[in-house]
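Listed below, chain by chain, are the residues.
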Amino acid sequence: MNKNYYAILMAGGVGSRFWPVSTEDFPKQFHDMLGTGDTLIQKTFTRLTDLIPVENIFILTNERYNDLVLQQLPQVKQRQVVLEPAMRNTAPCILYASLKIQKENPDAVMIVAPSDHWIEDEKTFSKNVQQAFDFCSENNALMTLGIQPTFPNTGYGYIEYDKFSTKGIKSVKQFREKPDYEMAKEFINQGNFLWNAGIFMWSATTVVNAFKSSQPRLYELFEKGISTYNTNFENDFIKDNYPKAENISVDYAIMEKSTNVYVVAAEFDWNDLGTWGSLYDKLDKDESKNAVVNSRTLVADASGNMIRTNDDKIVVIDGLSDYIIVDKDEVLLIFPKSKEQDIKKTLQSVKDKFGEQYG
């Protein structure tokens, strides 16, 4: 196993569209959303260990989730848990972790991967990551894994690549924001657009230089702390300085501003598991096309439902179709799948009426 290979596992999100299972105190990456016996972060961590030494996988998360990370990943040491004292989007935390890794190993090549994605063909995932690592080891390249679109999805950003390239690794022309439906159809018809999955590969030197060039103020903020990184003085520096960082995504901070950006089209099935509907799509269904997790069901005239309860609960449903039905402790959610994007807004209404403890 290559000691120069590293990973930054992004595990700081709240996943509010998976409420009431996912909450601010216990977000979705720490749940067994698929009913497989492993949480999403455990599955992602195991997938990365196919290529990357266990000790070289760093988990980026909010400081409130430190204990959850260590409980669910007992093979991880505290030095590998990189804690954000404030929510500042993806650019500051990636820069911070990259500087730590570069100080530890100047020859590091790394992947930045969300902790809550669904990837079935893990061998092919490793093959694509290896392909990217080989390229990044030899080139000054910022790389991303793009997903081949299967329909005109308006919920993802898109990556436009050079349509005349015949190589597996293609130069990125531009990143495109989430489109409306007509524009998404046009992207697919053009044939040189991929979904942006938020999975990145680069050398530590390349990504740090990209921040230095495109985000000098952000770079200077974190560069001041280099002498403290990987020492007992690091936490004090970060607590004092991290909240000063701009709230900015890594896409906007460096990827959209750089000219050395490349993409490899993923050859594996992928789902970002961003909503109950996306989870429903990936689960096995019963004869009435209901997706069931943890429950024992008796259904009549009910189809297309996403059903999840605490372990082994009996659920009886009659005359209800295309609904999300989730039972979690003191909260029961019965919500149309067609309105799942409104769950985040509904969560805020619940907090306002009943108290913050329910979110």
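Calculation notes
- Within each chain, residues carry numbers counting from 1 in the order of the written sequence.
- Only residues with pLDDT of at least 70 are given local features in this predicted model, and only at 80 or more are side-chain atom pairs given and counted; all residues enter the totals for whole chains, interfaces and linings.
- Each side-chain value is derived from all of the structure's non-hydrogen atoms; neither hydrogens nor water enter the calculation.
- Any Lys or Arg side-chain nitrogen located within 4 Å of an Asp or Glu carboxyl oxygen qualifies as a salt bridge.
- Secondary structure elements follow DSSP: runs of H or I no shorter than four residues count as helices, runs of E no shorter than two count as strands, and numbering proceeds from the N terminus.
- Each residue's exposure class comes from its accessible area (1.4 Å probe, protein chains only) as a fraction of the maximum for that residue type: buried when under 20%, exposed when over 50%, partly exposed otherwise.
- For this analysis, a polar contact is any N or O atom pair within 3.5 Å, provided that within protein one partner can donate a hydrogen and the other can accept it, and provided that sequence-adjacent residues contribute only side-chain to side-chain pairs.
- Without a salt bridge and with relative accessible area above 30%, a residue can belong to a patch; like charges are then joined within 9 Å and nonpolar side chains (Val, Leu, Ile, Met, Phe, Trp, Tyr) within 5 Å.
- Note that accessible areas follow from Shrake-Rupley with a 1.4 Å probe, and for residues the cover is restricted to the protein chains shown.
- Stacked, edge-to-face and tilted labels apply to pairs of Phe, Tyr and Trp rings (six-membered ring for Trp) whose centres lie within 6.5 Å, assigned for plane angles under 30 degrees, over 60, and everything in between, in that order.
- When the NZ atom of lysine or the CZ atom of arginine is within 6 Å of a ring's centre and also within 35 degrees of its normal, the charge is said to sit over that ring.
- In these notes, a set of buried Ala, Val, Leu, Ile, Met, Phe, Trp, Tyr and Cys residues joined through side-chain atoms within 4.5 Å is what counts as a nonpolar core.
- We call two residues contacting when some pair of their heavy atoms lies within 4.5 Å.
- Strands pair, by our definition, only if DSSP identifies at least two bridges between them.
- The angle between two axes is taken between their N-to-C directions and runs from 0 to 180 degrees, where each axis is a line fitted to C-alpha atoms and a helix contributes only its stretch in contact.

Trainee: For this particular structure, what's the right way to read the pattern of salt bridges?
Mentor: Two side chains that carry opposite charge are able to pair once their charged atoms sit near each other. Under the definition given, this model contains 19 salt bridges. With a shortest N-O distance of 3.9 Å, glutamate 160 and lysine 173 are connected by a salt bridge. Within this pair, whereas glutamate 160 is found in strand E7 (residues 158-161), its partner lysine 173 is found in strand E8 (residues 169-176), the two being separated by 13 residues in sequence. By relative accessible area, which is 8% here, glutamate 160 ends up buried. Its salt-bridge partner being aspartate 329, residue lysine 328 comes within 3.1 Å of it at the nearest N-O pair. Owing to a relative accessible area of 58%, aspartate 329 belongs among the exposed residues under this scheme.

Trainee: Quick question: what am I supposed to make of the side chain of asparagine 305 here?
Mentor: Structurally, the position occupied by asparagine 305 is in the loop between strand E12 (291-300) and strand E13 (306-318). A polar contact is formed between the side chain of asparagine 305 and the backbone oxygen of leucine 320, at a distance of 2.7 Å. Only 2.8 Å separates the side chain of asparagine 305 from the backbone nitrogen of tyrosine 323, close enough to count as a polar contact.

Trainee: Would you explain a nonpolar patch on the surface in this entry?
Mentor: A surface patch of nonpolar side chains, amounting to about 320 Å² of accessible area, comprises Leu298, Ile314 and Val316. Looking at the secondary structure, you find valine 316 in strand E13.

Trainee: Mind showing me how you'd approach helix H5 (residues 181-190) here?
Mentor: Within an α-helix, residues lying three or four positions from one another point in the same direction, as the helix has 3.6 residues per turn. Of the residues flanking the start of H5, the one acting as N-cap is aspartate 180, its side-chain oxygen 3.4 Å from the backbone nitrogen of glutamate 182. Residue glycine 191 follows H5 closely and has a positive phi angle near 85°.

Trainee: Hey, could you run me through the packing of aromatic side chains in this one?
Mentor: Any two aromatic rings considered together are summarised by their centre-to-centre distance and by the angle between their planes. As enumerated under the stated definition, the model contains 17 aromatic pairs in all. Consider the rings of phenylalanine 125 and phenylalanine 268, whose centres lie 5.4 Å apart with planes at 70°: the pair is edge-to-face. With phenylalanine 125 in helix H4 (residues 122-138) and phenylalanine 268 in the loop between strand E10 (261-265) and strand E11 (270-271), this residue pair connects regions lying 143 residues apart in the sequence. Here phenylalanine 125 falls in the buried class, since its relative accessible area comes to 3%. Here the aromatic cluster, defined as three or more aromatic residues joined through ring pairs, consists of Tyr96, Phe222, Tyr229, Phe237 and Tyr242. Between lysine 285 and the ring centre of tyrosine 280, over which it is positioned, the NZ or CZ distance is 4.6 Å.

Trainee: Help me understand the nonpolar core, please; the structure alone is not making it clear to me.
Mentor: Side chains of nonpolar character tend, in soluble globular proteins, to be buried together. In this structure, Trp202, Phe211, Phe222 and Ile254 are the most contacted members of the largest nonpolar core, which totals 47 residues. Per element, the largest residue contribution to this core is eight residues, and it comes from helix H3 (residues 90-104). Setting aside residues up to four positions removed in sequence, phenylalanine 222 forms contacts with Pro92, Leu95, Tyr96, Leu99, Tyr229, Phe237, Ile238, Tyr242 and Ala245. Of all hydrophobic cores here, the second largest spans 45 residues; its members include Phe30, Ala113, Ile147 and Val264.

Trainee: What is the right way to look at the sheet that holds E13 in this model?
Mentor: Two modes of strand pairing occur in sheets, parallel and antiparallel, and in both the strands are linked by backbone hydrogen bonds. Sheet architecture is open: four strands sit in the order E12-E13-E14-E15, paired in mixed fashion. In this open sheet, the two edge strands, each paired with only one partner strand, are E12 and strand E15 (331-336). Between one strand axis and the next, the sheet turns by 25° as a mean value, whatever way the strands run. Where E13 lies against strand E14 (residues 323-328), three bridges are found, and the strand directions are parallel. Directly across from methionine 306, in E14, lies its bridge partner isoleucine 324.

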